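Remarks on the overall topology
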Amino acid sequence: MGGERKIATMLFVDLVGSTKLATQLDPEDLRGRLEPFFEAARSALEQHGGTVEKYIGDAVMAVFGAPVAHGDDPDRAVAAGLAVAERVSELDGELTVRVGIETGEVLSVQAAGDLRVTGEAVNAAARLQQAAEPGEVLVGERAARACRRARLEGNGAVEAKGLPGALSAYRAIAVEPDTEQSRAPLIGRDDDLDMLRLIARRAERERLPQLVTVIGESGIGKTRLGAELFGELRSDPDPWRTIIGRSPPYGEGIAFWALSEILRDAAGVSTDAPPDDVERSLRALLSELGAEDATSLASGLTVAIRGKPDCDAEDELNRAWRRFASLLASDRPLAIGVDDAHWADEGTLELLEDLAYGLHDAPILVLCTSRPELAERRPEFGRTARNNTQLELLPLDRDAATRLAELLLPEARRGEAARIADAAGGNPFFTEEVSRRIGEDGDGADGTLPDTVQAAVAARIDQLPAEEKRTLQYAAVLGHTFSEGPLRDLLGADPNDPLWSLRRRALIQERPGSEAGHYVFRHQLIRDVAYNSLTRRERAALHERAVEALRAREPFAELPELIAYHLDHAHELDPTDARRRGAREGTVAAAD
């Protein structure tokens, strides 16, 4: 059967009134009327990272999070659903859609270029779509809980034929550009914050731009650290001017997106203000700063907002950008923040580098936050700048992570803080999500991960090359700790190169105090997500192969227990009479 188990978000969109149209129009004319709908739906879904799974009559089914997870798939699905509704309405005032969205565990199978997805979330999304009003996007409870940027309103319950009970439903209103900042205190980042403070003071004292890139895995606290610094700079006795933009992971027109947000922030207008309003406000700001060429400067800058510029317009933008930054830094120090720089387009990255390299007598701090993908995609980023710093944000140490969990957990559950901190591997977001779930409804004792955590880890794993991903999944079958020899037996190939790469990506590490060839997952969550992505049948077969490999090796003290572990898991995952006998015999042998 193959495939992978995924936490995915399903979306159904159905065209309202098409049945009536079918009775009135010739089939060819009907197809011509509906074709723009299908194209609008497909483009909106794919632009937000979704995969169209199938077309069913006048409905479209799409999946977010399979075959590749993104970490924010429920938010992407909601944004895509709202976009489909808007585009169809603009295409034909007589046509409208109903959209249903739900998240859940699915089996994703790719074959002959097609993607097939099965699971309860598919049926739940279809039921929500049927219950939606024309033009409405209804979101199920599990998707709603996993959303971080979608603005939702309670919409009662939906009776769902064939499902265990009624479905809680939420009506989608909008998707905000930013995730709400954590209310938890910043813990364990004193040294990192001190380093950023030092670099900011140097930029101010030497009046030379400083480019800083804070790099770390998803959830490690990059954005929070930058927000803490910018808050301090704004509240300084001699306050800095701060402007911020972010690079979105999806949508159309993302060229210079972060720059357009920076310009809107500087102009003091909303993130969706039209270009003419932005240009007008920038012109007023530049005039206040003494720019005699304020009109031409504002026009040159808004090229970034009006669409992809041609070569001449881009040259004008480059010149206008340097002059703009110099003017903003002329009366007080300037801090420019770019969040999620790993998603930034080449043009934006070049403008940031040019600012750090090409300006003089300008107290400017450019702070970019990024996942490691930026270093892989653009290893030379910032190297041309004289004052360039890369700060890798590492996991919290055990004491800091435990303190964070203690602050977030309800008082009666604070004894679990150390366990949660260990499982989260020092990742503040993971720690907060698990603690929040326990605080909200008491879950978590069963070891089930929140969907948000699984999605973040799965997104990292899905970005791996196929050989490295397979190596990580097979290593997970061996356990939280594993050795190169048994892994080689499972893979049927030398794992040395993929293991080296997985270490470099901080997914695994050499086991402390052990000889070479022994490894441990960076944290338990990585192992759990990698393991659970395999189908039950595949895991059972791999556990049996692990037993064969272990029996072929020299005996050692823990061998009977390891064999019993793998035999028991094989039977539990895919029970047969032979596996039941094997599990029983393994347990007896381990007890002797």
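Keep in mind that this is a model prediction, so the values were computed, not measured.

**Quick word on the sheet that holds strand β16 (residues 518-521)**
The strand order across the open sheet built from three strands is β14-β16-β15, with neighbouring strands paired in antiparallel fashion. Because the sheet does not close on itself, it has two edges, and the strands there are β14 (481-483) and β15 (508-510). If you compare each strand with its neighbour and ignore which way they point, the axes differ by 35 degrees on average. Across the sheet, helix α19 (residues 484-491) touches β14 and β16, and the angle it forms with β14 is around 75 degrees.

**Structural notes on the sheet that holds strand β9 (residues 210-215)**
Taken in spatial order, the five strands make up an open sheet running β10-β11-β12-β9-β13, and their pairing is parallel. Pairing within the sheet leaves two strands with one partner each, and these edge strands are β10 (241-246) and β13 (388-392). The average angle at which neighbouring strand axes cross in this sheet is 15 degrees, direction not considered. For β9 and β13, the ladder comprises five bridges, and the chain directions are parallel. Opposite L211, over in β13, you have N388 as the bridge partner. Together, β9, β11 (334-339) and β12 (364-370) form the strand contacts of helix α12 (residues 346-358), whose direction differs from that of β12 by roughly 145 degrees.

**Quick look at the pattern of salt bridges**
On inspection of all chains with the given rule, the structure shows 46 salt bridges. One salt bridge in this structure joins R171 and E136, with 3.9 Å as the shortest N-O distance. Of the two residues, R171 sits in strand β8 (residues 167-175) while E136 sits in the loop between α4 (120-131) and β6 (137-140), which places them 35 residues apart along the sequence. Take R171: its relative accessible area is 30%, and that puts it in the partly exposed class. On the basis of relative accessible area, E136 is assigned to the buried category, the value being 13%.

**Re the environment of A424**
Assignment of secondary structure puts A424 in helix α15 (residues 417-424). Considering only alpha carbons, one finds A424 and E28, 396 residues apart in sequence, at a separation of 57 Å. If we ignore the near neighbours within four places in the chain, the residues touching A424 are F430, T431, H523 and L525.

**Structural notes on the packing of helix α18 (residues 466-478) against helix α22 (residues 536-551)**
Their axes nearest at 9 Å, the elements α18 and α22 cross at an angle of 65 degrees. Considered as vectors, α18 and α22 are oriented roughly perpendicular to each other. α22 is crossed by α18, and the crossing has right-handed handedness. From α18, Y474, V477 and L478 reach across to α22, where they touch E538, L542, H543 and A546.

**Focus: the environment of D276**
Among the structural elements, D276 can be located in helix α9 (residues 275-288). The spatial distance from the C-alpha of D276 to the C-alpha of A362 is 29 Å, given a sequence separation of 86 residues.

**Quick notes on unusual backbone geometry**
In the segment running from A66 into P67, the intervening peptide bond is cis, with an omega of 5 degrees. Within the secondary structure, P67 sits in the loop between β3 (59-64) and α3 (73-91). Even without being a glycine, R207 presents a positive backbone phi close to 55 degrees. With respect to the helices, strands and loops of the structure, R207 is situated in the loop between α6 (190-206) and β9. Of note, the phi angle at D340 is positive, near 60 degrees, even though the residue is not glycine. Within the fold, D340 resides in the loop between β11 and α12.

Conventions we followed
Residues numbered from 1 in each chain as written. Predicted model: local features only at pLDDT ≥ 70, side-chain atom pairs only at ≥ 80, totals over all residues. Heavy atoms only, no water. Pairing = 2+ DSSP bridges. Helix = DSSP H or I, 4+ residues; strand = E, 2+ residues; numbered from the N terminus. Axes fitted to C-alpha atoms, helices over the stretch in contact; angles between N-to-C directions. Contact = heavy atoms within 4.5 Å. Salt bridge = Lys/Arg side-chain N within 4 Å of Asp/Glu carboxyl O. Buried < 20%, exposed > 50% of the residue type's maximum accessible area, 1.4 Å probe, protein only. Parallel < 35°, antiparallel > 145°, perpendicular 65-115°, else oblique. Left-handed = near helix turned anticlockwise from the far one by under 90°.

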